[in-house]
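# Summary of structural features
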Amino acid sequence: MTDAIRVSSPITGTDKEMSFEAGRLAQLADGAVLARLGGTMILATVTAAKSVREGMDFFPLTVDIEERAYAAGKIPGAFFRREGKLSDQAILICRLIDRPLRPSFPKGFRNETQVVGTVFSADQENPHDILAINAASAALMISGIPFDGPIGAVRMAYTTEGEWVPHPTYAEGDEASFELVVAGRALSDSVESDVAIMMVEAGGTEGSFERYAQGAPKVTEEVLAAGLEASKLWIREAINLQRELVREFVAARGPLPPFPFTPVVDYGDDVLARVEAVGAERLNEANAILSKAERNAALDAATAQIAEELAGEFEGRAGEIKAAVKALTKQLVRRRIVDEGVRMDGRGVTDIRPLSAEVDLFPMTHGSALFQRGETQVVNVSTLAMPRMRQLVDTITPDEYRRYMHHYNFPPYSTGETGRVGAPKRREVGHGMLAERALVPVLPSEEEFPYTLRVVSDVMQSNGSTSMASVCGSTLSLMAAGVPIKAPVAGIAMGLVYDGGEYVTLTDILGSEDAFGDMDFKVAGSADAVTALQLDTKIDGLPADVLARALHQAKEARLQILEVITSVIAEPRSEVSEMAPKIVTMEIPVDKIGEVIGPKGKVINTLQQETGADIAVDDNGVVGTVTIGAKDGHAVEEARRRIALILDPPTAEVGAVYEGRVVSIAKFGAFVNLLPGRDGLLHISKMAPLNGGRRIGQVEDVLELGQALEVKVDDIDPQGKVSLSLVGDFPEVDESRRSEGRRDGGRDSGRDSGRDSGRDGGRDAGRGRTRPSSFEDAFEAELAGEIGDLGPGGPVLSEGEGEGRRRSRPRRR
């Protein structure tokens, strides 16, 4: 085994250290780097095909993250106890890696390339996503694969004191108001080089608006711009560490082997020149059509005409002609935006397409809404459920469950096409999580609103930024469902075109403008704070003033959208939908949890059956929480009333008669529930009436759990223990069973004989004697019949004693 090459560097402003190791693991891969931060370790490997697959017209880069359960000392919770499909978290990390890496490969590189990150150790403190980005870039740097790197990344948390903290732990991130993930590359080889920001993923944390209400500084556009600028320090440190690894690797192993490849050219310059001469005017006319469907049809027609005209001139090069038409269309669109300030659909650079919104579309849902912006249309539906419906998370992070889930669906008909319908693709998972991140900061706490929440965004039509339309529709449907969100949230997608040294920022971009532009920039937030941000650039660097201008332009658009939302529904409804469960919570002492649940769940199950409410009990080790839910509010109130009686039970009265139910059976008797939270003991010595006046061998012979009994309170001792006796008439014992009982030594043989025993004209059916007038007399008579008259004060069978054991006590009169 060869010696490993290791480099490490401290992280400024922290007591942490990041390290890279190469040359020991996975040496058959083109590049492999083991990265470490704290106790978290991940191996990133990269491999590339040596040739281009025939017909490949795009760069086939794939990124996978393998989160091994053993990294956190766990065994997967799935049925087969092994890792299965990627978790949503792993998919998000794959996208975080892909977004800054993809534009860093040379133009025309079409060799299939795969990046795989395997998490070997997860210390439950340091997240592995940022480490994965840096490790993937480092692996590419030593692979020889053509790559314009290194790429550095950092996560920063905005504290309640208004400071940006680099590489926060999970706990520090939860306590912060906002988290920011930034990736970029250096603009020169200098260790002090400026950094070009390439990717941003950011969002507020759960409860951040509550922290704002308590005085924490809000995350505004100015705060975000300052955070992006501050991130460059730690990005630069990650880049310099990767460069050091490359130097050490080359020094130990020799120069990196060149990776031969032939850039794929989609079209020749001669083809582009002729396409421009023949079709520029026609393409300009087609691009000026406002409707997406009509514009696409016109562009297809123009492309077909140009291809037909040039087919003879460029025989066998039809593919090049189509690619040149697409490239020319991009040039024309960009040139018109920069030179004239006019976009594909005729809008100005800051104009928003027509907006509309409505709520209460579907009668049986808890909250529904439709949001439309131009030709982009999204239906959102919110569903409320009991806390136990929250999603359990089986990952290697400290997260255990998700209370709020946002699911995004993008069916093929939304773009007028056919396609596969089924499990969500990575894009759908990413868009859903972005919309979820935008709403999490304004959600009420679980203590304030104890519901599990699920929001589904179904895209009906798509022409630009369906993810931000999902954010707007989510606000509408949540408020319609009666969820008391802290503030309405809206989202907007921004674009950027950089041409001839001029930056033009676009508001509310179309799908084509996203493809033809240099930046995709999504911002969501309330009227006075940003809740989520996603940015991807295709150019080297974004000047601070351009970024600040784009953020403020996005805020102006966001405020316009919020006006439309609040004109439809100004605030959350005061009550949840009648279709939604009504939920209340109660805090109870931990030592009372057992009483509410009962032995083997008897009490709580009975409460649920009799009231129709769904009841759940939980505790945090300090206090217990009872959650009660039902569609019928009366059922909720009845269940709460009964639980309150268990917690503070009413007092039984001596001499009073109660209709009770057997809740527990012991050797010495049965416990009978008289009132909520109040049980009494019916001693075995008082159960003879259930067996025709005969002695009881076992309580189970005459009673069973849940059996109803009419009992009287005989006594309540100073400790509150209640002594009971039976009330009412009981049936006589069957004579054949009585004879069977004598053959068994005078003891009843089972539960049924006790139930069939009873009166028979005032005489004992088995012995022909007149029945004694009381249980004590009957008990003594039976003993006398078996062992003779013991006289006054003689010994009797002890209550609750085993077979044949006796002790002396005065007999009752």
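Residues numbered from 1 in each chain as written. Predicted model: local features only at pLDDT ≥ 70, side-chain atom pairs only at ≥ 80, totals over all residues. Heavy atoms only, no water.

### Observations concerning a negative patch on the surface
The cut-off we apply is this: Here, patches come from residues exposed beyond 30% relative accessible area and free of salt bridges, joined within 9 Å for like charges and within 5 Å for nonpolar side chains (Val, Leu, Ile, Met, Phe, Trp, Tyr). Residue burial considers only the protein chains on display, and all accessible areas are found by Shrake-Rupley using a 1.4 Å probe. Think of a salt bridge as a Lys or Arg side-chain nitrogen and an Asp or Glu carboxyl oxygen that are within 4 Å of each other. When charges are counted, neither His nor the chain ends are considered; positive counts come from Lys and Arg and negative counts from Asp and Glu. Charged side chains are reduced to one point each, which is NZ for Lys, CZ for Arg, CG for Asp and CD for Glu. Labels follow the DSSP assignment, with helices taken as runs of H or I lasting at least four residues and strands as runs of E lasting at least two, numbered in each case from the N terminus.
Taken together, the side chains of Glu125, Glu172, Asp174, Glu175, Glu206, Asp399 and Glu400 make up a negatively charged region of the molecular surface. With respect to the helices and strands, glutamate 172 occurs in helix α3 (residues 170-175).

### Overview of helix α2 (residues 129-141)
Operational definition: Expected span of a helix, by definition, is 1.5 Å for each gap between consecutive residues, and there is one gap fewer than residues. Whether a residue is buried, partly exposed or exposed follows from its accessible area with a 1.4 Å probe, protein chains only, as a fraction of its type maximum: under 20%, in between, or over 50%, in that order.
In this model α2 runs 19 Å from its N-terminal to its C-terminal C-alpha over 13 residues, within 8% of the 18 Å that 1.5 Å per residue would give. Within α2, 13 of the 13 residues are buried, which leaves it mostly tucked inside the rest of the structure.

### Observations regarding the packing of helix α5 (residues 221-253) against helix α12 (residues 544-568)
Operational definition: Note on geometry: axes are C-alpha line fits, over the in-contact stretch for helices, and angles between N-to-C directions span 0 to 180 degrees. If an angle is under 35 degrees, it is roughly parallel; if it is over 145, roughly antiparallel; if it lies from 65 to 115, roughly perpendicular; otherwise it is oblique. When the near helix sits turned anticlockwise from the far one by under a right angle, the crossing is termed left-handed; a clockwise turn instead gives a right-handed crossing. Here, two residues are considered to be in contact whenever any of their heavy atoms come within 4.5 Å of each other. Polar here means any residue other than Ala, Val, Leu, Ile, Met, Phe, Trp, Tyr, Cys and Pro, which are nonpolar, and Asp, Glu, Lys and Arg, which are charged; Gly is therefore polar.
For the pair α5 and α12, the least separation of the axes is 10 Å and the interaxial angle reads 150°. On the basis of their axis angle, the class for α5 and α12 is roughly antiparallel. Judged by the sense of rotation from one axis to the other, the crossing of α5 with α12 is right-handed. Residue-level inspection shows Glu221, Glu222, Leu224, Ala225, Leu228 and Glu229 of α5 in contact with α12, the latter providing Ala544, Leu547, Leu551, His552, Lys555 and Arg558. Residue composition of the contact of α5 with α12, by class: six nonpolar, one polar and five charged.

### Comments concerning the pattern of salt bridges
Under the defined criterion, the tally for this structure stands at 43 salt bridges. With its nearest N and O atoms 2.9 Å apart, the salt bridge here joins arginine 6 to glutamate 21. Remark: glutamate 21 occurs in strand β2 (residues 17-22) and arginine 6 occurs in strand β1 (residues 5-10); sequence separation between them is 15 residues. The exposed category is assigned to arginine 6, whose relative accessible area is 56%. Here glutamate 201 and arginine 437 are joined by a salt bridge, their closest N and O atoms 2.6 Å apart. Residue glutamate 201 is found in strand β10 (residues 195-204), and its partner arginine 437 is found in helix α9 (residues 426-439); the two are separated by 236 residues along the sequence. Shared partners join several salt bridges into a network, and the residues in it are Asp345, Arg347, Arg353, Arg373 and Asp508.

### Remarks on a positive patch on the surface
On the surface, Lys107, Lys326, Lys330 and Lys538 cluster together to form a positively charged patch. Note on placement: lysine 538 falls in the loop between β21 (530-537) and α12. Accessibility expressed as a relative area gives 47% for lysine 538, which makes it partly exposed.

### Structural notes on the sheet that holds strand β20 (residues 519-525)
What counts here: Any two strands between which DSSP finds at least two bridges are classified as paired.
The strand order β8-β7-β9-β10-β21-β20-β18-β19 describes an open sheet built from eight strands, whose pairing is antiparallel. The open sheet terminates on both sides in strands that have one partner only, identified here as β8 (164-166) and β19 (502-507). Within this sheet the neighbouring strands show an average axis-to-axis angle of 25°, counted without direction. The sheet strands contacting α2 are β7 (151-158), β9 (178-186) and β10, and the helix crosses β7 at an angle near 165°. With respect to the sheet, α5 is in contact with β7, β8, β9, β10 and β21, its orientation differing from that of β7 by roughly 140°.

### Regarding helix α8 (residues 318-340)
The end-to-end C-alpha distance of α8, which contains 23 residues, comes to 32 Å, matching closely the 33 Å that a straight helix rising 1.5 Å per residue would cover. Buried positions along α8 lie against α6 (269-287), α7 (292-310), β18 (490-499), β19 and α11 (511-516). Glycine 341 sits one or two positions beyond α8 and adopts a positive phi of about 70°.

### Points about the pairing of strand β24 (residues 624-630)
Where burial is concerned, most of β24 is hidden: six out of the seven residues are buried. Taken together, the seven bridges between strand β22 (residues 582-588) and β24 define a ladder with antiparallel strand orientation. In the sheet register, threonine 585 faces β24, and the bridge partner there is threonine 627. Note that strand β23 (residues 614-619) and β24 share six bridges and pair antiparallel. Bridge pairing links alanine 616 to threonine 627 in β24. In sequence, β23 turns back onto β24 through a hairpin of four residues, with glycine 621 there showing a positive phi of about 90°.

### Some words on the packing of helix α14 (residues 602-611) against helix α15 (residues 633-647)
Packed helix pairs are specified by the crossing angle of their axes together with the interaxial distance, meaning the distance between the axes. Between α14 and α15, the shortest axis-to-axis distance is 10 Å and the interhelical angle comes to 150°. By the angle class used here, α14 and α15 are roughly antiparallel. Handedness of the crossing formed by α14 with α15: right-handed. Contact residues: Val603, Leu607, Glu610 and Thr611 in α14; Ala635, Glu638, Ala639, Arg642, Ile643 and Ile646 in α15. Broken down by class, the residue content of the contact of α14 with α15 amounts to six nonpolar, one polar and three charged.

### Brief notes about the confidence of the model for the protein chain
Worth spelling out the cut-off: As a per-residue quantity, pLDDT reports the predictor's confidence and falls between 0 and 100.
Of the residues in the protein chain, 90% have a pLDDT of 70 or more, and the chain-wide mean is 86. A low-confidence stretch, residues 735-773 stays under pLDDT 50, and its non-local contacts, those more than four residues away or across chains, total 87 contacts. The model gives residues 790-813 a pLDDT under 50, and that stretch makes 34 contacts with residues more than four places away or in other chains.

### Description of the side chain of serine 143
For clarity, the threshold we go by: Nitrogen and oxygen atoms within 3.5 Å of one another constitute a polar contact, given that in protein one can donate a hydrogen and the other can accept it, and given that sequence-neighbouring residues count only through two side-chain atoms.
The residue serine 143 is located in the loop between α2 and β7 in this model. Engagement of the side chain of serine 143 in a polar contact is seen with the backbone oxygen of leucine 140, the distance being 2.7 Å. Apart from residues lying up to four places away in sequence, serine 143 is in contact with Asp30, Gly31 and Val46.

### A few points about the packing of aromatic side chains
Keep this limit in mind: Ring geometry is summarised as follows: Phe, Tyr and Trp rings, the Trp one being its six-membered ring, pair when their centres sit within 6.5 Å, and such pairs are stacked at plane angles under 30 degrees, edge-to-face over 60 and tilted between the two. Criterion for a charge above a ring: Arg CZ or Lys NZ at most 6 Å from the ring centre, at most 35 degrees from the ring normal.
In total, this model carries 13 aromatic pairs according to the counting rule given. Here the aromatic rings of phenylalanine 668 and phenylalanine 671 are separated by 6.2 Å at their centres, their planes lie at 85°, and the arrangement is edge-to-face. Note on phenylalanine 668: relative accessible area 36%, which makes it partly exposed. Ring pairs connect the aromatic residues Phe59, Phe105, Phe109, Phe147, Phe259 and Phe261, which therefore count as one cluster. Just above the ring of tyrosine 401 sits the side chain of arginine 390; from NZ or CZ to the centre is 3.8 Å. Sitting over the ring of phenylalanine 410, arginine 427 keeps its end group 4.3 Å from the ring centre.

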